[in-house]
Amino acid sequence: MSKVTTELLLERAVPRSTRLRKIETLNLSKLQLKTGDLDPRLFSRLRHLQNLDLSDNLLDKLPANLSLPDLRVLNCSNNQLEDVTVLKQFPLLEELNYENNVYLTTNDDYKVMFLLQNLRLLNGKDVTKLANHVRVVNSRELTSKVTAHWERHFRSQLPEKYSAEHVKFLRKKFLKSAQTQVIYGPSSLSEFTRWRVKMIAEELLASMLGQEENTNPETQERVEDNEEETTENPREVGDDDIAQVTLVPSKRRGTLSTAGSVSKRPRSQCNTEEEVVLSPRKSGHSQDEPTPDRPRASNQQTKVAEETHRNGEQPPKGQSHGRSSQLTEEQKSQEQDKRVLTITPVKNLEDKEVISLEPLHFLQCHSKGNSREDFKTQLWSCVFEPPLDSGARKDPVVSTSRTMATCGGESVCLIDCETGIVLKKYKVPAEEFFTVAWTTLTMVTNDGRKKKHNILAAAGRRGIVKLIHVSADFCYGEIKAHKKPIATACFSPSCETHLFTASYDKRIGLWDIGVPDCDYNFKASQLMVLEVASIPLRIALVPSCPDQFLLAGCEEGCFAWDIRLDKPQKSRPFEVAFQFPNDKGEATASHRVDGLAFLNKDVVVSKSSKTGSIYLWSWSQSFEAQGKSCQKTRPALILAELEWSTTDLPYLTLSTCPAAESVFCGDEKGSVWMYNLSKHSSAWRASKGKRSDSRIAPTQILEWPELRANGELLTEVLINNVVTDPTFTYLIALTGVNIAAVWKKT
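Small disclaimer: the values here were computed from a predicted structure and weren't measured. (Residues numbered from 1 in each chain as written. Predicted model: local features only at pLDDT ≥ 70, side-chain atom pairs only at ≥ 80, totals over all residues. Heavy atoms only, no water.)

When helices and strands are counted, the protein shows nine helices and 44 strands. Counting every position in the protein, which comprises 746 residues, the buried fraction comes to 57%. A separation threshold of at least 6 residues defines the contact pool for the protein, and within that pool the share at least 24 residues apart is 62%. Total accessible area computed for the protein in this model is approximately 31,300 Å², and 47% of it derives from carbon and sulfur atoms. (Helix = DSSP H or I, 4+ residues; strand = E, 2+ residues; numbered from the N terminus. Buried < 20%, exposed > 50% of the residue type's maximum accessible area, 1.4 Å probe, protein only. Contact = heavy atoms within 4.5 Å. Areas by Shrake-Rupley, 256 points an atom, 1.4 Å probe, with all protein chains shown as cover.)

In structure tokens, the structure reads:
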């Protein structure tokens, strides 16, 4: 039976009333109401209701037919609302508050500003000016882009005489293409943009084809976007936080490619486009550990000459802002000037296809103390955010991610690769972050519902793992995993709460980080310790059996461990040490392996800085070799060797893109060596482990463009890490001069 009755409504009216039609103000807060308790037939009798308070209840949505034609003020804060488009049924609404509804984002703010033409106050802030911008300027720009997209790609596909089937097919194709290709504003508003693009596209089709319009916002699938703006103690990032260096077009000796200019991030008058800082509620107080030996440092002392400027004002230090405080000014976007940088193949071979990459951004967002003169901070790790519910969603609009987490110095940044906007920034003074890793946890809400959220783990010099709930902008906890720095970490693909941490204390720990409850209480526990003979630098779980074996590249060798939890030993020595040829061609198990990744379920790619070479070898055949013997040292069954730089500088790590069957590795000159091995994989399977006689040359080399800062060239650029997203749409190069470079495949 519904909790809301006629008697309750009359009693909770302010002032109390004897007739429902006379009630103008109604307080239904703190009654533990659920959606089913709001009977539309009963509420339809409140014809003159102007002020309704539904705060502090358990509402996950509002009924679509409450029939309150005169409603002017609505408070539904502290609920579990997931959608705001139903609010369009209150066209006269002037004041709206839905703070502390964890599933609502900045995208929902923009939706209600568009839907409610009379809205003045949103979450206590005056949004009149911004709302007018959303309804007028934003709509005008999006309409122009959608129309241009139609004219450029689809008008020619519409014949003079067309059938209903042809129109249906073209409509579906156009709507999908428009939502994918039309980009405007920051990535944090991508859901709102797709929502509006679909409406505009349908209106355009209706006007051209004479069809009945279908622009009901409620038909738009709700996208769980973890790129919304910061809601918990954000700090706006101004010019002092992020800079972009200038890409200077010039001729390069021995290169046929042309260098394009770096596109600038869209300028904005709206604080929602500002880069913001994740402010942790908990911070570590442990003493600083000694910095890991990183012998490489750039001598670059130049200044950034050309930077992106913001119109928003910087708040005083320590000032706290809620999400609604960021909706006070207009927003506008600037078209980006982009030119394609074509990579030159190392050898002009007809059977090697040249990939064209477009330079999008060169970002300086990890500076110590936000100094523009910092060209020494080393950037180490980059991981793309996994899409939520990607397995159930087939729409490419929502099943891919262009958001990456990068770390270096005292900060971790979340960056939109397409726009170059730093969505969020998390800083820990005196820390130096070396690694970041993503996992997706299924958390339980107050009312017992399950919902997936992405969690980011970040660790470094202090040996402490920070756990960040990204969509809530909240560092909810930490794990004091090691007494010495953590070099790298990764989550298990078979168990989302299992985290491996490799430390300079010569141990690899397996942790169960637990799942936080609705109050962010969690319990972490150590499940296993893997003993290492030397410092572990890179770790990788074997894809064919990720819950059974772990591989690690270390300062003095490459080792494998049995990590099965059904065994009683909590502390375990390595199972196998793999041998590789040294500079003299002799097999040795004692050499630094600072690059390690799997190309597929069996082929391992590893790099040794001593020999300046990259080996491809078979995990299964190497591990099973001499399996009947008691020897722990076994030769790696090498399938091929890749040509690479002859430098002896360590820690220039490599990465792979299994979907593209490609390997990437940077060098000491700022170049990215790219190897497309799709034509070799079948040969390795056919040869049954026989090593290729000749070294495999890179398919092509992406050379570092001439970046000029304050009139001087940025030189001595070391590429610490190269990463691509799973579909090889974006390529990221992290450098030793505090620059994260973003290229896009064209």
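On to the packing of helix 4 (residues 128-153) against helix 5 (residues 164-181). Running from N to C, helix 4 and helix 5 cross one another at 130 degrees; their axes reach a closest spacing of 11 Å. Taken together, the axes of helix 4 and helix 5 are oblique relative to one another. As for how helix 4 packs across helix 5, the hand of that crossing is right-handed. Facing helix 4, whose interface residues are Val146, His149 and Trp150, helix 5 presents Leu170, Phe174, Ser177, Ala178 and Gln181. Classifying every residue of the contact of helix 4 with helix 5 gives five nonpolar, three polar and no charged. (Axes fitted to C-alpha atoms, helices over the stretch in contact; angles between N-to-C directions. Parallel < 35°, antiparallel > 145°, perpendicular 65-115°, else oblique. Left-handed = near helix turned anticlockwise from the far one by under 90°. Nonpolar A, V, L, I, M, F, W, Y, C, P; charged D, E, K, R; others polar.)

This part takes up the pattern of salt bridges. Inspection of every chain in the model, using the stated rule, returns 19 salt bridges. With a shortest N-O distance of 2.6 Å, Arg449 and Glu82 are connected by a salt bridge. You can see Arg449 sitting in the loop between strand 17 (433-444) and strand 18 (450-460) and its partner Glu82 sitting in the loop between strand 3 (73-75) and strand 4 (95-97), a full 367 residues away along the chain. Using a relative accessible area of 25% as the deciding quantity, one classes Arg449 as partly exposed. The closest approach of N and O atoms between Glu151 and Arg155, which form a salt bridge, is 2.8 Å. One salt-bridge network, in which partners are shared between bridges, spans Asp70, Arg72, Glu94, Glu95 and Arg120. (Salt bridge = Lys/Arg side-chain N within 4 Å of Asp/Glu carboxyl O.)

One recurring pattern in soluble globular proteins is that nonpolar side chains are buried together. Residues Leu52, Leu74 and Leu96 are the most contacted members of the largest nonpolar core, which totals 49 residues. Elements supplying a minimum of two residues to this core: helix 1 (6-12), helix 2 (40-43), helix 3 (106-115), helix 4 and helix 6 (190-209). Looking at this core, the element that brings in the most residues is helix 3, giving five residues. In contact with Leu96, not counting residues within four places along its chain, are Leu74, Cys76, Leu87, Val112, Leu116, Leu119, Leu121, Leu122 and Asn123. Counting 23 residues, the second-largest nonpolar core is a separate cluster that includes Ile355, Trp704, Ile719 and Ile739. (Core = buried A, V, L, I, M, F, W, Y, C linked by side-chain atoms within 4.5 Å.)

Moving on: helix 5. Between its first and last C-alpha atoms helix 5 spans 25 Å; for 18 residues at 1.5 Å apiece the expected length is 26 Å, and the two agree. Residues of helix 5 that are buried: Val167, Leu170, Phe174, Leu175, Ser177, Ala178 and Gln179. (Expected span 1.5 Å × (residues − 1).)

The next point concerns the packing of helix 3 against helix 4. Between helix 3 and helix 4, the least distance of the axes is 8 Å, while the angle of their chain directions is 85 degrees. Considered as vectors, helix 3 and helix 4 are oriented roughly perpendicular to each other. In this structure, helix 3 uses Tyr110, Met113 and Phe114 to contact helix 4, whose residues at the interface are Leu130, Ala131, Val134, Arg135 and Ser139. Looking at the contact of helix 3 with helix 4 residue by residue, the class counts come to six nonpolar, one polar and one charged.

With that out of the way, let us pick up the sheet that holds strand 6 (residues 125-126). Within a beta sheet, neighbouring strands are joined by backbone hydrogen bonds and run either parallel or antiparallel to one another. What the six strands build is an open sheet, ordered 1-2-3-4-5-6; its pairing is mixed. Strands with a single pairing partner mark the edges of an open sheet, and in this sheet they are strand 1 (25-27) and strand 6. With three bridges connecting them, strand 1 and strand 2 (residues 51-53) associate as parallel partners. Each bridged residue has a counterpart across the sheet, and for Asn27 the counterpart in strand 2 is Asp53. (Pairing = 2+ DSSP bridges.)

This part takes up unusual backbone geometry. Put simply, Val14 and Pro15 share a cis peptide bond, and its omega is -5 degrees. Examined against the element boundaries, Pro15 turns out to sit in the loop between helix 1 and strand 1. One non-glycine residue, Gln32, lies in positive phi territory at about 60 degrees. With respect to the element layout, Gln32 can be found in the loop between strand 1 and helix 2. Look at Tyr520: it is not a glycine, yet its phi comes out positive at around 65 degrees. Mapped onto the secondary structure, Tyr520 falls in the loop between strand 23 (507-512) and strand 24 (525-531).

Here strand 21 (residues 486-491) lies mainly inside the structure; six of its six residues are buried. Here strand 21 pairs with strand 22 (residues 498-503) via five bridges, running antiparallel. Of the residues in strand 22, the one forming a bridge with Phe491 is Leu499. Counting the residues in the hairpin turn of strand 21 and strand 22 gives six residues.

Turning to the sheet that holds strand 23, a few remarks are in order. Spatial ordering of the open sheet is given by 21-22-23-24-28, a layout of five strands whose pairing is mixed. Only two strands of the sheet have a single partner each, and these edge strands are strand 21 and strand 28 (571-572).

According to the stated counting rule, one finds zero disulfides in the structure shown. We note that Cys554 lacks a disulfide partner, and the nearest cysteine sulfur, in Cys558, lies 7.3 Å from it. (Disulfide = S-S within 2.5 Å.)

Time to look at the environment of Glu191. On the secondary structure map, Glu191 appears in helix 6. Between the C-alpha atoms of Glu191 and Thr105, which are 86 residues apart in sequence, the distance is 9.7 Å. Within the local environment of Glu191, its side chain forms a polar contact with the side chain of Lys111, the two groups lying 3.0 Å apart. (Polar contact = N/O pair within 3.5 Å; in protein donor to acceptor, adjacent residues only side chain to side chain.)

Take the UniProt feature "repeat: WD" (unreviewed entry) in the protein next. On the UniProt side, "repeat: WD" (unreviewed entry) is annotated at positions that read residues 479-513 here. Annotation note: span residues 479-513, helix share 0%, strand share 57%, distance between end C-alpha atoms 8 Å. (UniProt positions renumbered as here; feature names shortened; annotations may be inferred.)

A separate point is the packing of aromatic side chains. Using the criterion set out here, one finds 24 aromatic pairs in the structure. Here Phe114 and Trp195 contribute two aromatic rings whose centre-to-centre distance is 5.9 Å and whose plane-to-plane angle is 90 degrees, an arrangement assigned as edge-to-face. Of this pair, Phe114 sits in helix 3 while Trp195 sits in helix 6, and the two are 81 residues apart along the sequence. Take Phe114 and Trp195: they sit in the same class, and that class is buried. An aromatic cluster is built from Phe549, Phe578, Phe580, Tyr615, Trp617, Trp619 and Phe623, whose rings are joined through pairwise contacts. In this structure, Arg196 packs its charged tip against the face of Phe114, placed 3.9 Å from the ring centre. Lying over the aromatic face of Tyr651, Arg592 brings its terminal NZ or CZ to 5.7 Å of the ring centre. (Phe/Tyr/Trp six-rings, centres within 6.5 Å; stacked < 30°, edge-to-face > 60°. Lys NZ or Arg CZ within 6 Å of the ring centre and 35° of its normal.)

Turning to the environment of Pro546, a few remarks are in order. Residue position: Pro546 is located in the loop between strand 25 (536-541) and strand 26 (549-554). Sequence spacing of Pro546 and Arg564 is 18 residues, and the spatial spacing of their C-alpha atoms is 9.4 Å. Other than its neighbours up to four places away in sequence, Pro546 contacts Pro493, Ser494, Leu541 and Ile563.

All right, on to the pairing of strand 44 (residues 740-745) then. Bridge analysis of strand 12 (residues 356-364) against strand 44 gives six bridges, and the strand direction is antiparallel. Paired with Leu357 across the strands is Lys745, a residue of strand 44. Bridge count between strand 43 (residues 730-735) and strand 44: five bridges; the pairing is antiparallel. What sits directly across from Leu734, in strand 44, is Ala740.

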